[in-house]
Amino acid sequence: MVPALALTVDGMRNAGAVAQGVRFIVLFDPNSLIAAIARSGDRAAFAELFDHFAPRVKGLLMRGGAPAELAEEVAQETLLAVWRKAALFDPAKASASTWIATIARNLRIDIARRETRSRLSQVYEILDEEAPEQPDAMLSGAERDARVRAAMSHLSSDQYRVVELAFIEGFSHQDVADRLAIPLGTVKSRLRLALSHLRGRLEDLR
Amino acid sequence: MSMLHRPSDETLAAFAAGQLDEGLAVVVACHIEADQESRGRLRELQAVQGALLDAAEPVAMASGPSPAAIAARPEAASLATVPTPEGMPKVLRPYGLGPWRPIGIRIAMRRVEVPGADARVFMLRAGPGISLPHHKHTGFEWTTILAGAYEHEYGRYAAGDFDEADAEHDHTPRVDPVEGCTCIVAMTGSVQLQGWLGRLLQPLVRF
């Protein structure tokens, strides 16, 4: 077996010569990359973030049925917004993935509803700036994400699939029903069950 | 402020996913702004999206502009937003508000201009003790109470509460006898108002 060493990105950069045959697992650390952009407009950090997240944003949108060009445009604009807004990223509020996912959601709305002059993305931004929650709910973004991920891992695969589809643009409950070839009522009850399951797990983990 | 009535999980998930009609979304946002617990739930649902992003199968970007070229794009001027009047939810800042228009005795309405929404959005302000028009509707009627309170067969709805009614409901809210009530409403489908007040309100609801 090849020995595996975990290094931080900074550690990796400073590591210099790397012994042959040693496989390095680089811990991708988006928080420090975003911090480097905010601090000094670090273009190498941006390129690394771009290479990781842009294809995932594109993939997520295409999985939801978005045409490749639209998914590509949203992915580019999302990473451009990450570059410009890096200083506004607050790891206490959300993890990097969650922050980037909400930027992608807002831009997807802006782009898809461009001709109707939608202002919905501004509404999400205003809510995001709202005062913190009550003290017992003051979790860091990373803690909240970890809890949500733990709760999601307890969903059945059917429930996970419904949640996944319900969260991706363009999927009304009817679309989800068509795609999974199950009745609309089943989608609604499965989604309701999955969400209440998720909520119950999150309350247990609190 | 303790809320008694909140959006269902499905409604909040659809809001978090950016899938609600903008008119309905604005009324949900007025509730979320007023309610810490719903803000916490919204953040959890946004974290679900973060997890889905991490789990997404990457699709290679076309050989388009490099990250460096993208970072160098000039920035467009940001849109100016008009400050909302005192006591109004901040989430209404991006939208135009019509003037208050009396539509009966001690009842007034103002339009909220939400471009691109299928739902009609308006605020209603009613004096203490009056009954809002008895009505039925074919679509959704979602309401967030902004000040004061009303009461109907499903309970009392006070500032910040969210009232998620659909075509099943047929109700006659009674406005709080002391505080009166101001609320924001989004309606889809058509509404059939009944009684004398309903006849007054009808042409205005169907703007």
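Definitions and cut-offs
- Residues numbered from 1 in each chain as written.
- Chains lettered and ligands numbered in written order.
- Predicted model: local features only at pLDDT ≥ 70, side-chain atom pairs only at ≥ 80, totals over all residues.
- Helix = DSSP H or I, 4+ residues; strand = E, 2+ residues; numbered from the N terminus.
- Buried ≥ 20, exposed ≤ 12 C-beta atoms within 10 Å, placed from the backbone.
- Contact = placed C-beta atoms within 7 Å.
- Core = buried A, V, L, I, M, F, W, Y, C linked by C-beta atoms within 7 Å.
- Domains from an automatic or database assignment.
- Nonpolar A, V, L, I, M, F, W, Y, C, P; charged D, E, K, R; others polar.
- Pairing = 2+ DSSP bridges.
- Arc of directions from axis to C-beta.
- Axes fitted to C-alpha atoms, helices over the stretch in contact; angles between N-to-C directions.
- Parallel < 35°, antiparallel > 145°, perpendicular 65-115°, else oblique.
- Left-handed = near helix turned anticlockwise from the far one by under 90°.

A. Geometry of the overall build of chain A. When you go through chain A residue by residue, the secondary structure sums to 10 helices and two strands. Counted from the first residue to the last, chain A has its helices and strands arranged as β-α-β-α-α-α-α-α-α-α-α-α. Across the 206 residues that make up chain A, the buried fraction comes to 37%. Across chain A, contacts joining residues at least 24 apart in sequence account for 52% of those joining residues at least 6 apart.

B. The nonpolar core, seen in detail. Judged by nonpolar contacts, the single largest core of 106 residues is most densely connected at Val26, Val27 and Val121 of chain B. When residues of this core are assigned to domains, at least three map to each of domain 1 (30-130) and domain 2 (135-206) of chain A. For Val26 of chain B, the residues in contact, after removing those within four places along its chain, are Val123 of chain A together with Val91, Val112, Val114, Val121 and Ala186 of chain B.

C. Spatial organisation of the domain arrangement of chain A. Residue and element names in this part refer to chain A. Domain annotation of chain A identifies domain 1 (30-130) and domain 2 (135-206). Summarising the inter-unit geometry, the C-alpha centres of domain 1 and domain 2 are found 22 Å apart. The interface of domain 1 with domain 2 comprises 13 residues on the first partner and eight residues on the second. At the level of secondary structure, the elements contributing two or more residues to the side of domain 1 that touches domain 2 comprise helix H3 (43-63) and helix H5 (96-112). Here the side of domain 1 that touches domain 2 takes three residues from H3, the largest share from any one element. Partitioned by chemical class, the residues of the side of domain 1 that touches domain 2 number six nonpolar, four polar and three charged.

D. The arrangement of the pairing of strand S4 (residues 120-126) of chain B in detail. Residue and element names in this part refer to chain B. For S4, the tally of buried residues reaches six of seven residues, placing the bulk of the element in the interior. In terms of strand pairing, strand S3 (residues 107-113) meets S4 through five bridges, oriented antiparallel. Its bridge partner being in S4, Ile107 is matched across the sheet by Ala126. The antiparallel hairpin formed by S3 and S4 contains six residues in its connecting segment, where Gly116 sits at a positive phi of about 85 degrees. Relative to strand S11 (residues 181-187), S4 runs antiparallel, the two sharing seven bridges. Counterpart to Ala126 in the pairing with S11 is Cys181.

E. Spatial organisation of unusual backbone geometry. Backbone geometry places Arg117 of chain A, a non-glycine residue, at a positive phi of 55 degrees. Mapped onto the elements of the fold, Arg117 of chain A is located in the loop between H5 and helix H6 (120-128). Unusually for a residue other than glycine, Arg106 of chain B sits at a positive phi of about 60 degrees. For Arg106 of chain B, the location among the structural elements is in the loop between strand S2 (101-104) and S3.

F. Quick look at the pairing of strand S6 (residues 141-152) of chain B. All names here are of chain B. Taken across its 12 residues, S6 has nine buried, putting it largely inside the fold. Sheet topology note: the S6/strand S8 (residues 162-165) ladder contains four bridges and is antiparallel. Bridge pairing in S8 links Glu141 to Ala165. Here S6 runs beside S11; their pairing, made up of seven bridges, is antiparallel. From the neighbouring strand, Ala147 faces S11, where its bridge partner is Thr182. The pairing of S6 with strand S7 (residues 155-158) spans four bridges and is antiparallel. Paired with Tyr150 across the bridge in S7 is Tyr157. Taking the residues that link successive antiparallel strands as the turn, the S6-S7 hairpin has two residues. Taken together, the two bridges between S6 and strand S10 (residues 174-175) define a ladder with antiparallel strand orientation. Looking across to S10, one finds that Glu151 is bridged to Arg174.

G. Representation of the interface of chain A and chain B. Taken together, the 60 residues of chain A in the interface contact 48 residues of chain B. For the side of chain A that touches chain B, the secondary structure elements donating two or more residues are H3, helix H4 (68-85), H5, H6, helix H7 (141-152), helix H8 (157-167) and helix H10 (184-205) of chain A.

H. Highlighting H6 of chain A. Within H6 of chain A, the full set of buried residues consists of Leu120, Ser121, Val123 and Tyr124 of chain A. Axial view of H6 of chain A: buried residues confined to an arc of 155 degrees, hence all on one face. The inward-facing, buried residues of H6 of chain A contact H5 of chain A together with helix H2 (22-34) of chain B.

I. Spotlight on the packing of helix H1 (residues 9-16) of chain B against helix H3 (residues 36-55) of chain B. Residues and elements named next belong to chain B. Between H1 and H3, the shortest axis-to-axis distance is 9 Å and the interhelical angle comes to 60 degrees. Of the possible angle classes, the one that applies to H1 and H3 is oblique. In the crossing of H1 with H3, the sense of the turn from one axis to the other is right-handed. Contact residues: H1 offers Leu12, Ala13 and Ala16, while H3 offers Ser38, Arg41, Leu42, Leu45, Gln46 and Gln49. Of the residues contributing to the contact of H1 with H3, the split by class is five nonpolar, three polar and one charged.

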